[in-house]
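The primary structure of each chain is shown beneath.
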Amino acid sequence: MNLDMINRRGLVLLGCGKMGSAMLEGWLGQGLRPEATWVIDPHPSDWLKGVAANGLTLNDGMPDAPAVVLIAVKPQMMGAALPQIAGFGGGDTLIVTVAAGTTIATYEAAFGAGTHIVRAMPNTPAAVGRGITAITGNAVTTPADLDLAEALLSAVGQVVRLEGEHQMDAVTAVSGSGPAYVFHLIEALAAAGEAEGLPAELAMQLARATVTGAGELAHRAPETAEQLRINVTSPGGTTAAALSVLMEPDTGFPALLRRAVKAAADRGRSLGK
Ligand SMILES: NC(=O)c1ccc[n+]([C@@H]2O[C@H](COP(=O)([O-])OP(=O)(O)OC[C@H]3O[C@@H](n4cnc5c(N)ncnc54)[C@H](O)[C@@H]3O)[C@@H](O)[C@H]2O)c1
């Protein structure tokens, strides 16, 4: 990633909790200079204080016109947090926000309509460089703004561009929240193994390695997910017996995930009101 412009003009990060620090860790690893980074967070982690000891500015002053201000506070904290950075509106600074739900219109009201704003939805595998982030800009964003946002966010994984903000709640429900569904799958698979008589620790080891191994295979293999599933399924065998439960249209994964993803997307929509 070309971080020259950001290293020259600076990056301000508002909120450095789980998502902010996952991304910051990735950027620092890709060559972002701590001296070019300002973080505002009333509750900094020990890790962040350590980076501050190496040159990052924490809760102390701000650059005049940073290349990017990235907002990573909770939607519920937005009202209290945005006034701290409202002065960056209307200028050369690109505002990038990763908050779920909060709409571009809310940021335009806080920063002014002429402000260049990119709404983004990353996920926590960004911490290991394997995130995926969807981005979309407001009416005044330029191709250069989207390129800058993409360059920054591609330091922590894949980046996809959306047709528009109308897709953001569905994206949030699939890939933003999705890692939690997968972690819960590990928990549920381990619990099911225990119910079949395995010791808890062994069941968890098997479940975790199975989900991460299958994820890595899905990442590397050229086959479709469907074909990878078929490759595991001997006709009349054990997997087919399990899939007859999991693929049952009304009670299996399809119906369950449809309900779960809808609940997440609906919550995103209500956070935006
Ligand atoms: N965690 C995820 O998986 C994930 C994924 C995609 C998007 N997001 C979005 O990222 C944002 C942050 O989520 P998170 O999970 O990192 O939450 P978090 O609670 O871990 O982090 C929020 C941070 O904001 C700080 N903060 C609170 N008030 C502040 C203020 N006035 N000024 C500056 N900082 C302030 C808190 O101290 C905290 O460190 C949310 O808007 C969420 O929708 C999170």
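Note: the structure precedes this text.
An account of the accompanying structure is given in this report. (Residues numbered from 1 in each chain as written. Predicted model: local features only at pLDDT ≥ 70, side-chain atom pairs only at ≥ 80, totals over all residues. Heavy atoms only, no water.)

**Here we look at the nonpolar core**
Ranked by size, the top nonpolar core spans 34 residues in total, and within it Ile6, Leu24, Trp27, Val68 and Leu70 carry the most contacts. Beyond its immediate chain neighbours, meaning those up to four positions away, Leu70 contacts Val12, Leu13, Leu14, Met23, Trp27, Val96, Val98 and Leu152. Met78, Ile95, Phe111 and Ile117 belong to the second largest nonpolar core, which has 17 residues in total. (Core = buried A, V, L, I, M, F, W, Y, C linked by side-chain atoms within 4.5 Å. Buried < 20%, exposed > 50% of the residue type's maximum accessible area, 1.4 Å probe, protein only. Contact = heavy atoms within 4.5 Å.)

**Some points on helix H2 (residues 18-29)**
Taking 1.5 Å per residue, twelve residues should reach 16 Å; H2 reaches 17 Å between its end C-alpha atoms and fits that length. Elements in contact with the buried residues of H2: strand E1 (11-14), strand E2 (37-40), helix H3 (46-53), strand E4 (68-71) and helix H6 (143-153). Positioned one or two residues after H2, Gly31 has a phi angle of 115 degrees, which is positive. (Helix = DSSP H or I, 4+ residues; strand = E, 2+ residues; numbered from the N terminus. Expected span 1.5 Å × (residues − 1).)

**Some words on the pattern of salt bridges**
Per the stated rule, a full pass over the model turns up nine salt bridges. For Glu150, the salt bridge identified is with Arg161, shortest N-O distance 2.7 Å. Taken together, the positions of Glu150 in helix H6 and Arg161 in strand E8 (residues 157-161) put the pair eleven residues apart, joining distant regions of the chain. What makes Glu150 partly exposed here is its relative accessible area of 25%. Owing to a relative accessible area of 40%, Arg161 belongs among the partly exposed residues under this scheme. Of the charged contacts in the structure, one is a salt bridge between Arg269 and Asp266, with a shortest N-O distance of 2.7 Å. Of this pair, Arg269 and Asp266 are both found in helix H12 (residues 253-271), three residues apart, which corresponds to roughly one turn of the helix. (Salt bridge = Lys/Arg side-chain N within 4 Å of Asp/Glu carboxyl O.)

Any functional reading would require information that these geometric values do not contain.
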